[in-house]
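For reference, the chains in residue letters:
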Amino acid sequence: MIDVKERLFLVFMYAVLGVFALFCFIPFWIVFINSFADESILQTAGYQLLPGKFSLHAYEFLLSGKQVFRSYSITIIVTIAGTALGVLVTAAYAYTLSHRKVKYRNILAFLTFLTMLFGAGLVGFYMLIANWLHLKDSVWALILPYLLNPFYAFILVSYYRTLPYELNEAATVDGANDLYIFFRIIWPISLPAIATVSLFYALQYWNDWYLSLLFIDNYKMLPLQMMIRQLMSNLNVMAYVGGSQTQYNVVVPTYGMQLAIVCVTIGPIVFVYPFIQRFFIKGLTLGSVKG
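Below is a summary of the structure that appears in this document. (Residues numbered from 1 in each chain as written. Predicted model: local features only at pLDDT ≥ 70, side-chain atom pairs only at ≥ 80, totals over all residues. Heavy atoms only, no water.)

### Thoughts on the overall build of the protein chain
Here is step 1 of the chain: When helices and strands are counted, the protein chain shows 13 helices and two strands.
Here is step 2 of the chain: Out of the 291 residues belonging to the protein chain, those deemed buried represent 35%.
Here is step 3 of the chain: Taking contacts inside the protein chain between residues at least 6 apart in sequence as the whole, the part at least 24 apart equals 73%. (Helix = DSSP H or I, 4+ residues; strand = E, 2+ residues; numbered from the N terminus. Buried < 20%, exposed > 50% of the residue type's maximum accessible area, 1.4 Å probe, protein only. Contact = heavy atoms within 4.5 Å.)

### Some words on the packing of helix H4 (residues 67-98) against helix H5 (residues 105-117)
Here is step 1 of the chain: At a minimum axis distance of 8 Å, the contact between H4 and H5 shows a crossing angle of 130°. Judged by the angle between their axes, H4 and H5 are oblique. Of the residues in H5, those in contact with Tyr93, Thr96 and Leu97 of H4 are Arg105, Leu108, Ala109 and Thr112.
Here is step 2 of the chain: The class makeup of the residues in the contact of H4 with H5 is four nonpolar, two polar and one charged. (Axes fitted to C-alpha atoms, helices over the stretch in contact; angles between N-to-C directions. Parallel < 35°, antiparallel > 145°, perpendicular 65-115°, else oblique. Nonpolar A, V, L, I, M, F, W, Y, C, P; charged D, E, K, R; others polar.)

### Some details on the pattern of salt bridges
Here is step 1 of the chain: On inspection of all chains with the given rule, the structure shows one salt bridge.
Here is step 2 of the chain: For the salt bridge of Asp217 with Lys136, the shortest nitrogen-to-oxygen distance reads 3.2 Å. Residue Asp217 is located in the loop between helix H11 (210-215) and helix H12 (224-242), and its partner Lys136 is located in the loop between helix H6 (122-132) and helix H7 (150-160); the two are separated by 81 residues in the primary sequence.
Here is step 3 of the chain: Judged by its relative accessible area of 55%, Asp217 falls in the exposed class. (Salt bridge = Lys/Arg side-chain N within 4 Å of Asp/Glu carboxyl O.)

### Here's the deal with the nonpolar core
Here is step 1 of the chain: Counting residues in each nonpolar core, the largest one holds 37 residues, and the members touching the most others are Leu156, Tyr160, Ile186 and Tyr205.
Here is step 2 of the chain: Elements with a contribution of two residues or more to this core: H4, H7, helix H9 (178-189), helix H10 (191-207) and H11.
Here is step 3 of the chain: The biggest single contributor to this core is H4, with seven residues.
Here is step 4 of the chain: The residues touching Leu156, leaving out its near neighbours within four places in the chain, are Thr90, Ala91, Ala94, Ala193, Ile194 and Val197.
Here is step 5 of the chain: If you look at the next biggest cluster of nonpolar residues, it comprises 15 residues, including Leu62, Leu224, Met227 and Val264. (Core = buried A, V, L, I, M, F, W, Y, C linked by side-chain atoms within 4.5 Å.)

### What to know about the packing of H9 against H10
Here is step 1 of the chain: Following both chains from N to C, one finds H9 and H10 inclined at 75°, their axes separated by 5 Å at the closest point. With respect to H10, the element H9 is oriented roughly perpendicular. Of H10, the residues touching H9 (which contributes Trp187, Pro188 and Ile189) are Leu191, Pro192 and Ile194.

### Here we look at unusual backbone geometry
Here is step 1 of the chain: Phi angles above zero are rare outside glycine, and His134 is one such case at about 55°.
Here is step 2 of the chain: Within the secondary structure, His134 is located in the loop between H6 and H7.
Here is step 3 of the chain: One non-glycine residue, Asp137, lies in the positive phi region at around 60°.

### Some remarks on H10
Here is step 1 of the chain: When the terminal C-alpha atoms of H10 are compared, their 24 Å separation across 17 residues agrees well with the 24 Å that a helix rising 1.5 Å per residue should span.
Here is step 2 of the chain: Within H10, 13 of the 17 residues are buried, which leaves the element mostly enclosed by the surrounding structure. (Expected span 1.5 Å × (residues − 1).)

### Topic: the side chain of Ser198
Here is step 1 of the chain: By the secondary structure assignment, Ser198 is in helix H10.
Here is step 2 of the chain: Reaching out from Ser198, the side chain makes a polar contact with the backbone oxygen of Ile194 at a distance of 2.6 Å.
Here is step 3 of the chain: Once residues within four sequence positions are removed from consideration, Ser198 is found in contact with Thr83 and Val87. (Polar contact = N/O pair within 3.5 Å; in protein donor to acceptor, adjacent residues only side chain to side chain.)

If you want it as C-alpha cells, here you go:
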C-alpha cells in the first residue's frame, strides 16, 4: 500500500508541475508564434495559439536598418565586459569583507550596507559620471556604475564564510600570498556562487536602459534596450498620427513589431541560461569542501 500511495503522490505532483509548466510556457509561445503572424491577423483576430497566416514583415522591418545591429553590439560588449569586471571586483571585495585578518572589514561591511539604504542621489551621481569622470557618450558610462553591487557582494560574503579557514592557513604556511590564495584556491571552489552572481550581473547589464537614458546622447551608442524603447515610442506615435499605420507608403506592423522586439531582446539570455543552470542545481555550497 505504501508503494501505491507513493506512486499516486508522484503522479499527482508530476501532473501539477506539468500544468504549471504549461501555464508558464503558453505566454512565451504566444509571443513567439505571433511575432511571425501577419499584421492583419493580429489586428482582426488578436493573439492566437496558432495564427492563420504567417509573415516575416515584422522582422524584416525591425532588421532593415543598421541601428539594431549597432545597439546589439553595444549591449553585448557592455554585458560581457561589465559581467566579467563586475564579478571580479565583487568577488575580490567580498573576499576582503569575509577575511578574518582584514582589520577594518566590519567598517567596510557597514559602509557597503549603508549604500543599500541611502543612495547618493541623481544629481551627485550624474555629476560624478558626466562632469568629473567625463564618461558621457562612452561605453564605460554603461559599465562602471554597476561594477559593485552590495547585495551580490553580501551573497558571496555569506558563501565565503562557509568555507573552512584552514584552507587559507594551510596555503599561507606553504608560502602562498593573498592573490594566489584567492585566484587558485578560493575562486575554483566558489564557482557555483560566482556563476550565480555572474548571471545576475549579465541580466542587469543586458536589461539596463537607465544609464543610457542619463549618459548617452549619441544615438549610435544606444544599447539595445534604449533603442527598443525609442522604437516602441515611434511606433506608437506613427500608429496614433497615421491612423491607418501607413506613412510615406510604408505599412508599419505595429503589433508584430512589438512581439518581434520581445523575441529579439530575450533571445540571447534564453540561450545562455541553460549553460549556467547546472550551477544552480549544484547549489551554493556543494563541492566547497572535499573530504
